[in-house]
Amino acid sequence: MALALLGSFLAALLALVWLGSRWLRRRGAGWGHRTLCAAAPARADDVRALVVTAHPDDEAMFFAPTILSLGRFRAQLWLLCCSSGNYYNQGEIRKNELVQSCAILGIPPSNVTVIDHRDLPDDPAVEWDTHLLSTFVLKHIETNHINLVITFDVGGVSGHANHIALYTALSFESLKEEWLRPECFPSGAGTSCCSPSLQSQGTCSQRGSYLKHRWVRMETCCCPLTRQPCPLAAAEGCRVLTLKSVNLLRKYISILDVPISYLQSQDVLFILTKEESEQAKRAMRCHHSQLLWFRHTYILFSRFMVINSLCLL
């Protein structure tokens with residue numbers, strides 16, 4: 001009798017959570033717009049977003065809710081994939097699959113870039129050169145006037161070393177060090193990149209706690225050797241959002257994680273509608289070379305096919 005009552009209670013609780021998740025999901029579009037407006041450096045329709053991924057399929061497997069939601073808000077989108085996914089010598093195949101997936105997600109082929117560099121192989125055993133990554137990212141920010149960058153957090157969602165390298169490369173310290181490299185400073189030049197007009201606010205290092213949260217334009221911040229502007233100056237108002245990793249249980253409960261995500265701390269929360277979720281699944285299925293049995297399971301049950309929680313770096 002007691003077990004029957006317990007079973008009935010758990011079934012009722014699960015049904016309540018499921019109904020609550022569906023109700024919250026219907027409200028998700030409006031919530032995503034409000035949180036984006038609070039965190040982004042511009043109005044939603046003025047956002048120029050760069051999604052930085054490690055491998056072809058990351059954009060659909062992890063970032064589809066963010067990409068589709070930004071597209072819904074009429075943001076302009078670019079994708080920078082930092083390897084060709086050539087671990088099993090399928091690099092060319094995976095590049096084509098990436099372009100097809102991005103087309104479904106609303107990113108035109110002209111805005112998709114794949115880095116195929118020997119120092120950035122698709123290999124979790126290889127430590128990526130984060131300064132090299134910073135160079136590529138900064139170039140894209142400057143060339144395309146990007147004001148919002150999205151990538152993995154310190155956990156890399158799946159713990160993959162290549163994912164974590166992107167977070168490290170996009171951290172403030174890596175970006176700062178990429179510009180403040182030794183060749184920029186001849187003997188006796190000093191180490192501050194700030195002109196006297198800005199030094200009253202402290203050196204770049206001293207102002208790091210502010211710059212970490214928002215890159216700001218530094219009109220007179222120049223390299224002592226080349227007299228060229230600091231790359232950070234090109235990223236006026238640019239912000240970085242990182243995709244929040246979750247534990248294994250939450251990762252595979254799909255829309256049942258919606259109430260938990262609402263209650264958790266994050267700066268931006270994107271939740272896809274049922275129709276958008278189907279669109280994300282179609283994008284993931286473009287990666288035919290990667291569709292092993294466990295990927296089909298992932299498509300069905302992963303929260304990252306429906307929900308993205310993001311935090312400002």
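These remarks concern the structure in this document. (Residues numbered from 1 in each chain as written. Predicted model: local features only at pLDDT ≥ 70, side-chain atom pairs only at ≥ 80, totals over all residues. Heavy atoms only, no water.)

A few points about the packing of helix α5 (residues 91–105) against helix α14 (residues 274–285)
- The N-to-C vectors of α5 and α14 enclose an angle of 170°; their axes lie 8 Å apart at closest approach. Taken together, the axes of α5 and α14 lie roughly antiparallel to each other. Together, Ser 101, Ile 104 and Leu 105 of α5 and Gln 279, Ala 280, Arg 282 and Ala 283 of α14 make up the contact between the two elements.
- Tallied by class, residues from the contact of α5 with α14 come to four nonpolar, two polar and one charged. (Axes fitted to C-alpha atoms, helices over the stretch in contact; angles between N-to-C directions. Helix = DSSP H or I, 4+ residues; strand = E, 2+ residues; numbered from the N terminus. Parallel < 35°, antiparallel > 145°, perpendicular 65-115°, else oblique. Contact = heavy atoms within 4.5 Å. Nonpolar A, V, L, I, M, F, W, Y, C, P; charged D, E, K, R; others polar.)

Some details on the environment of Leu 79
- Secondary-structure assignment places Leu 79 in strand β2 (residues 76–81).
- By relative accessible area, which is 0% here, Leu 79 ends up buried.
- Residues Leu 79 and Val 149 lie 70 residues apart in sequence; the distance between their C-alpha atoms is 9.8 Å.
- Contact partners of Leu 79, with chain neighbours within four places excluded, come to Leu 50, Val 51, Thr 53, Glu 59, Leu 98, Cys 102, Ile 107, Asn 111, Val 112 and Thr 113. (Buried < 20%, exposed > 50% of the residue type's maximum accessible area, 1.4 Å probe, protein only.)

Looking at unusual backbone geometry
- One non-glycine residue, Asn 89, lies in positive phi territory at about 60°.
- Residue placement: Asn 89 occurs in the loop between β2 and α5.
- In this structure Asn 89 comes out as exposed when scored by relative accessible area, which is 68%.
- Its identity as a non-glycine residue notwithstanding, Ser 254 has a phi of 50°, on the positive side.
- In this structure, Ser 254 sits in the loop between α12 (248–251) and α13 (258–263).

Looking at helix α7 (residues 161–170)
- Within α7, burial applies to Asn 162, His 163, Ala 165, Leu 166, Ala 169 and Leu 170. One side of α7 holds all its buried residues, which, seen down the axis, span an arc of 155°. (Arc of directions from axis to C-beta.)

Remarks on the environment of Trp 128
- Within the element layout of this structure, Trp 128 appears in the loop between β3 (112–114) and α6 (130–144).
- For Trp 128, a relative accessible area of 4% gives the class buried.
- Between the C-alpha atoms of Trp 128 and Asn 162, which are 34 residues apart in sequence, the distance is 6.8 Å.
- If we skip the residues at most four places from it in the chain, Trp 128 touches Ala 54, Cys 82, Ser 83, Asp 119, Leu 120, Pro 121, Leu 133, Asn 162, Ala 165 and Leu 166.
- At 2.7 Å, the side chain of Trp 128 forms a polar contact with the backbone oxygen of Pro 121. (Polar contact = N/O pair within 3.5 Å; in protein donor to acceptor, adjacent residues only side chain to side chain.)

Structural notes on the packing of aromatic side chains
- A complete count under the given rule lists eight aromatic pairs for this structure.
- Residues Phe 62 and Phe 304 carry aromatic rings whose centres are separated by 6.3 Å and whose planes lie at 80° to one another, so their mutual orientation is edge-to-face. Here the residue Phe 62 occupies a position in the loop between α3 (58–61) and α4 (64–72), and Phe 304 occupies one in the loop between α15 (293–301) and β7 (307–312), the gap between them amounting to 242 residues. The pair formed by Phe 62 and Phe 304 is uniform in burial state, with each residue classed as buried.
- For the ring pair Tyr 252 and Tyr 298, a centre distance of 6.0 Å and an interplane angle of 85° mean the geometry is edge-to-face. Remark: Tyr 298 occurs in helix α15 and Tyr 252 occurs in the loop between α12 and α13; sequence separation between them is 46 residues.
- In this structure Tyr 298 comes out as buried when scored by relative accessible area, which is 5%.
- An aromatic cluster is present here, built from Phe 62, Phe 63, Phe 152, Tyr 252, Tyr 298 and Phe 304 joined pairwise through their rings.
- In this structure, Arg 303 packs its charged tip against the face of Phe 304, placed 5.0 Å from the ring centre. (Phe/Tyr/Trp six-rings, centres within 6.5 Å; stacked < 30°, edge-to-face > 60°. Lys NZ or Arg CZ within 6 Å of the ring centre and 35° of its normal.)

Note that every value here comes from positions in space, so none of it alone points to a role or purpose.
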